Each structure stands twice: as structure tokens, then as C-alpha cells.
Amino acid sequence: MKIKKAVFPVAGLGTRFLPATKAMPKEMLPVVDKPLIQYAVEEALASGIEHLIFVTGSGKGALEDHFDRSFQLEETLRQRQKTELLKEVESLVPESGTIIYTRQSEPLGLGHAIWCARDIVGDEPFAVLLADDLIQSETPVLHQMINEFDRLRASTVAVIEVPQEETPKYGILDAEKPVNDIMRVRGMVEKPPVDEAPSNLAVIGRYILTPRIFDILGKQQKGAGGEIQLTDAMSELLKEQPIFGYRFEGTRFDCGDKAGFQMANLAFALDHPEIKDTLLPYLREKFC
């Protein structure tokens, strides 16, 4: 069965970016000239995803408007003959019925947010993308993972190696030795203390999951931070089904962190044809 649906958990409050996120969804923070969520949506569509499922909360109207028509703006651009900008704005709006919104009524964690999409996803494997994890790559990371899923037919998570002192920030894998960047997972633990982490292999925000995960998440068992953790549910899933970790090709930026967000802006700016030639001399003058 093809991976046709992707879930975007976007109900978070973005408290680490206050006051910028007081009235703006954190997923709408721009990296150069596009909001974070647009990068994630573009990655999904470029990977063959046909249905985009947003799990939202209160105060996310700007996100929904971003992927809708703006007739006044489009008409203004048309009258001013700003053809390229008009095309770009129009391209933001997927075909009718492509985007589906559902609500997470309480902030009960990532696992709960994904469970909120259960009736929309149905009985088929699906992807999850966290917009905070922005990845710069030649081939979309989700596309890379779908290729592996087509071969393995099992839940797959994207992993990176992190410094040992950072393991308490992540879900950490206990995994077999990788073969061609794929490793079979033996166990998973959410945010372990440094001296209890089974490895330095951290799960980041790209997942392909089988629908069995919904039954486990439906038990509403709370874990770290008093939240319903996806990592805990995947640990349960391991008792029934294999799970694989995948070391992808690309550079990941943690845009849920202020420093990571600024690094992403810099990296994408240096790759942007309109501004890189202006930015490079400035950086050389300041830092070289």
C-alpha cells in the first residue's frame, strides 16, 4: 500500500519563541521567505503524499489561511503585473480536498496529537512530519524514507547522531548495527538521562507508521512530562512489529530552538539565489 497521507501536528504553543509566537503560530515563523510549515508541506508533496492532515489547536488561523486562496492579494498582484509572485502565491494552495484539518482539544503530547488523526488516516500506513525539524537535502527525506518503507514494509523513523550530553532532549534508539544506513530497532526510550541512554541515535521529526500505532495510542498512557508520548507507543509496537531507524542524507536544523532556527535561516539564505551574493560579502567582513 502506498503512503498517501501525512500528518502534521501543529497544535503546539511555541513558548520557546515568545513573544514572537504570542499571536503567530510557531509553524509560520519564516526561514528566509517561507514559513516552516510550507517547507514541510513541500517535502510531503514532493514525496508523493496526496492528503495533508493538520492537527491544529486554537490560534492557528494564520496557518490555515496560508494554504487558502487570497483573492484580494492575487488580484492586486495581477493588476500590478507581478506575474512571478502571483504564480508563487497561487502555488501555495493545494487542490480542493487535499488538506484536512482536525483539532487537538488538549495539549497532551505528540502521541495524542497523532491519535487525533486516526479516523482520517484509517487503516493504512502514514507519514508524520514535524515542521520544527527542517532538513536541507537534495532528495526530500520523506521520499528517501518511503523508498525504504516500500522495501521493508515496516514502521521507519529518521535518526541522527547527537552528542551524548544531548540525549535527554530526544527519543533515543537501542538499535542493531546499521546496514546501508538502515538499522533494526531493539528498543526506544524517551528523553533518557545521559548515563542511561542506550546510544546517541536520536529520533527526529520524520516517521512512517503502521495504523496499529493508533490502537496503542488510544490507551492514553502518559509518559515523560505527563504527556502521551509517541516514543512510548512505538516501544509497545516493537513487541508486535519491527521498526527501523534510517540515517538520511541531508542536514537537519532544529527550528524549535532559537540557535537552530537562526542557523537554518543562514544556511537557506546562502542557498537562495536572490540574496546569497549580498550576504556572503557581509559574512566575510564580519567573521573572517
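The preceding data block contains the structure.
These numbers were taken from a predicted model, which means no experiment stands behind them.

Caption draft 1: Inspection of a negative patch on the surface at higher detail. A grouping of Asp33, Glu84, Glu88 and Glu274 is seen on the molecular surface, where their side chains present a negatively charged patch. Relative to the assigned elements, Glu88 resides in helix α4 (residues 83-91). With a relative accessible area of 40%, Glu88 lands in the partly exposed category.

Caption draft 2: Up close: the pattern of salt bridges. This structure, assessed with the given rule, holds 18 salt bridges. Glu75 is paired through a salt bridge with Arg78; the nearest N and O atoms lie 3.0 Å apart. Taken together, the positions of Glu75 and Arg78, both in helix α3 (residues 71-79) and three residues apart, correspond to about one turn of that helix. Overall, Arg78 belongs to the partly exposed group, its relative accessible area being 40%.

Caption draft 3: The pairing of strand β6 (residues 126-129), seen in detail. Neither face of β6 is exposed, since Phe126 and Val128 on one face and Ala127 and Leu129 on the opposite face are all buried. Relative to β6, strand β1 (residues 5-9) runs parallel, the two sharing two bridges. The residue of β6 that forms the bridge with Ala6 is Ala127. Across four bridges, the pairing between β6 and strand β11 (residues 201-209) is antiparallel. The residue of β11 that forms the bridge with Val128 is Tyr207.

Parameters at a glance
Residues numbered from 1 in each chain as written. Predicted model: local features only at pLDDT ≥ 70, side-chain atom pairs only at ≥ 80, totals over all residues. Heavy atoms only, no water. Patch = residues over 30% accessible without salt bridge, like charges linked within 9 Å, V, L, I, M, F, W, Y side chains within 5 Å. Areas by Shrake-Rupley, 256 points an atom, 1.4 Å probe, with all protein chains shown as cover. Salt bridge = Lys/Arg side-chain N within 4 Å of Asp/Glu carboxyl O. Lys, Arg positive; Asp, Glu negative; His and termini not counted. Charge placed at Lys NZ, Arg CZ, Asp CG, Glu CD. Helix = DSSP H or I, 4+ residues; strand = E, 2+ residues; numbered from the N terminus. Buried < 20%, exposed > 50% of the residue type's maximum accessible area, 1.4 Å probe, protein only. Pairing = 2+ DSSP bridges.

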